[in-house]
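# Structural overview for review
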Amino acid sequence: MANTLLEFVQTILSDMDGDEVNSISDTPESEQVASIVKSTYNAIVSHTVWPHTRRAVALWPRSDNNFPTHMTIRDDLKELISVRYNKAMTGEARKDYRDVVWCDPDDFLRKTNYRDNTQTNVDVVLDDSGIELLLLTDKAPDFYTSFDDKNLVFDSYDALVDNTLQQSKFQAQGYIIPEFLLQDSFVPDLPADAFSLLLEESISRCQFKLRQFQDMKSETEAQKQSRYLSQKSWTVAGGIRYRNYGRSTRRVQGVQPWPNR
């Protein structure tokens, strides 16, 4: 059963023999409890990949044309799992979305360094990090990397089609970290069977932080819920299945097969 933040705070205060409140802002203690629920929630969603937080995500281009293959990810993105780009040529009506694969930064440099910067189809771009990148200008991107876990750098762009990579031509998916609002009516974005974990974890933390008391019953129940949810965080048909390609912005998903140079 989904609960509002106010209901969480009221339940926790009752368990702690605290004052009754009608809003999370009624007392300093109720505000503290609400903040602890928020921090507990953030810990839960950051430690587990929740299938319901999978989204189609936008990649934003740099406003500076000196970075034709640089794209930026959203701040609340936890893990990027796939990237595709429309590689249709000029005059082709049919869209041609194809996978663009993640490449480790060192491998990215090793692959692109084979290119001859004296050729007309190679563009030398100075990255924010200060290193030079050898990018092709006559084809859509095949692979990408990130040197700072925030900006994505793709290996090429087709100057005959666009002078930079286009946001509208990307299809990307990833897991986000949902926003938590300190509002009475706010309902945390969790699967229904994860609400008990949030409650028990929050009770345990509140008892320890506000009462200097270790609630063993709540800790035990939270551990049971955590073990259960670690094996079952999905709801539909045994979980979402997807191929293991793409870039994890918070964890690397493994070595990927690279296309030919």
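Attention in this report is confined to the structure presented alongside it. (Residues numbered from 1 in each chain as written. Predicted model: local features only at pLDDT ≥ 70, side-chain atom pairs only at ≥ 80, totals over all residues. Heavy atoms only, no water.)

Of note, Asp155 is situated in the loop between strand 10 (151–154) and strand 11 (170–176). Spatially, the C-alpha atoms of Asp155 and Ala140 are 8.5 Å apart, while their sequence positions differ by 15 residues. Within the structure, the side chain of Asp155 is placed 3.4 Å from the side chain of Ser156, a separation counted as a polar contact. (Helix = DSSP H or I, 4+ residues; strand = E, 2+ residues; numbered from the N terminus. Polar contact = N/O pair within 3.5 Å; in protein donor to acceptor, adjacent residues only side chain to side chain.)

Looking now at helix 4 (residues 195–211). The end-to-end C-alpha separation of helix 4 is 23 Å, in line with the 24 Å expected for 17 residues at 1.5 Å each. Three or more residues of helix 4 are buried, namely Phe195, Leu197, Leu198, Glu200, Ser202, Ile203, Ser204, Cys206, Gln207 and Leu210. Gln212 sits one or two residues past helix 4 and shows a positive phi near 50 degrees. (Expected span 1.5 Å × (residues − 1). Buried < 20%, exposed > 50% of the residue type's maximum accessible area, 1.4 Å probe, protein only.)

Before going further, it helps to examine the sheet that holds strand 6 (residues 101–102). Ordered by their spatial adjacency, 5 strands build an open sheet running 2-3-10-9-6, and the pairing between neighbours is mixed. Edge positions in the open sheet fall to strand 2 (60–61) and strand 6, since each of these has one partner strand only. The pairing of strand 2 with strand 3 (residues 70–72) spans 2 bridges and is antiparallel. Of the residues in strand 3, the one forming a bridge with Pro61 is Met71. Along the sheet, helix 3 (residues 105–112) contacts strand 6, strand 9 (143–145) and strand 10; its crossing angle with strand 9, the most-contacted strand, is approximately 130 degrees. (Pairing = 2+ DSSP bridges. Contact = heavy atoms within 4.5 Å. Axes fitted to C-alpha atoms, helices over the stretch in contact; angles between N-to-C directions.)

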